[in-house]
Amino acid sequence: MSRQKKKKYEPLLFPTHDESWLKFNDMKRRAQNYWRYRNKDGEIMFVIYRLDMTNKEGDPYKQFFPICYGKDVETQTIEYCNQQLWKKDRPLLNIHALTMSEYDKVLITEGEKACSGFREKLQQSDQGPFSKIFATTFSGGCQNWDKSDYSTLKGREVILWP
């Protein structure tokens with residue numbers, strides 16, 4: 001049995017107002033959560049989704065998958081794919097909101113779930129020590145920290161929370 005050749009894509013921004021990616025890989029039904037990574041202008045560059053699974057022994061584990069939009073360099077077909085096409089200068093999560101905010105302190109968590117948890121639980125109050133901190137994360141886990149664009153953090157106090 002021959003393996004199908006992996007397609008090569010040129011990365012593109014998601015089309016505006018297109019939610020068809022939610023149907024990709026039956027993601028809307030299968031994923032426990034998903035996060036849209038946007039550029040500074042709020043345009044979606046890629047999505048990361050999480051699947052909570054169980055192995056043969058019954059032990060839980062999690063997997064993360066990207067959804068990108070790109071042009072197949074061979075066929076010129078434009079489509080969604082399960083490859084991370086943005087190899088460098090990836091945006092931080094919610095960076096578009098940070099660029100429009102007055103936050104001067106930024107918390108970088110390890111992972112989307114921790115970032116979302118911080119934003120949901122600790123920032124619900126407009127008072128307290130965490131209300132003036134903007135939470136974000138980089139995509140791809142600790143081994144990919146160097147593939148993100150941190151330029152929007154210039155001039156801000158940064159707190160790393162592994």
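Let me begin by describing the structure that accompanies this report. (Residues numbered from 1 in each chain as written. Predicted model: local features only at pLDDT ≥ 70, side-chain atom pairs only at ≥ 80, totals over all residues. Heavy atoms only, no water.)

**Focus on the environment of Ser139**
To keep things clear, this is the line we draw: Labels follow the DSSP assignment, with helices taken as runs of H or I lasting at least four residues and strands as runs of E lasting at least two, numbered in each case from the N terminus. Each residue gets one of three labels from its accessible area relative to the maximum for its type: buried under 20%, exposed over 50%, partly exposed in between, using a 1.4 Å probe on protein chains only. It only takes one pair of heavy atoms within 4.5 Å for two residues to be counted as in contact. By the criterion applied in these results, polar contacts are pairs of N or O atoms within 3.5 Å in which, for protein atoms, one can donate a hydrogen and the other can accept it, and in which residues neighboring in sequence qualify only through two side-chain atoms.
Along the polypeptide, Ser139 turns up in the loop between strand 7 (133-137) and strand 8 (157-161). Among the residues examined, Ser139 registers a relative accessible area of 1% and is labelled buried. Distance in space between the C-alpha atoms of Ser139 and Glu112 is 7.7 Å, their sequence separation being 27 residues. Excluding its chain neighbours within four sequence positions, the residues that come into contact with Ser139 are Tyr37, Phe46, Ile48, Gln84, Arg90, Glu112, Asn144 and Ser148. Only 3.4 Å separates the side chain of Ser139 from the side chain of Arg90, close enough to count as a polar contact.

**Re the packing of aromatic side chains**
Worth spelling out the cut-off: For this analysis, a ring pair means two rings from Phe, Tyr or Trp (six-membered ring only for Trp) whose centres lie within 6.5 Å, classed as stacked if their planes differ by under 30 degrees, edge-to-face if by over 60, and tilted for the remaining angles.
Enumeration according to the criterion identifies nine aromatic pairs in this entry. With a centroid separation of 5.2 Å and 65 degrees between ring planes, the pair formed by Phe14 and Tyr80 is classed as edge-to-face. On the criterion of sequence distance, the pair formed by Phe14 in the loop between strand 1 (9-12) and helix 1 (27-30) and Tyr80 in strand 5 (residues 78-81) is long-range, its members being 66 residues apart. For the residue pair Phe14 and Tyr80, the accessibility class agrees, reading buried in each case. Plain terms: the ring middles of Tyr49 and Phe65 are 5.5 Å apart, the flat faces sit at 35 degrees to each other, and that makes the pair tilted. One end of the pair, Tyr49, is in strand 3 (residues 44-54); the other, Phe65, is in strand 4 (residues 60-72), with 16 residues separating them in the sequence. Classification of Tyr49 by relative accessible area gives buried; the value is 1%.

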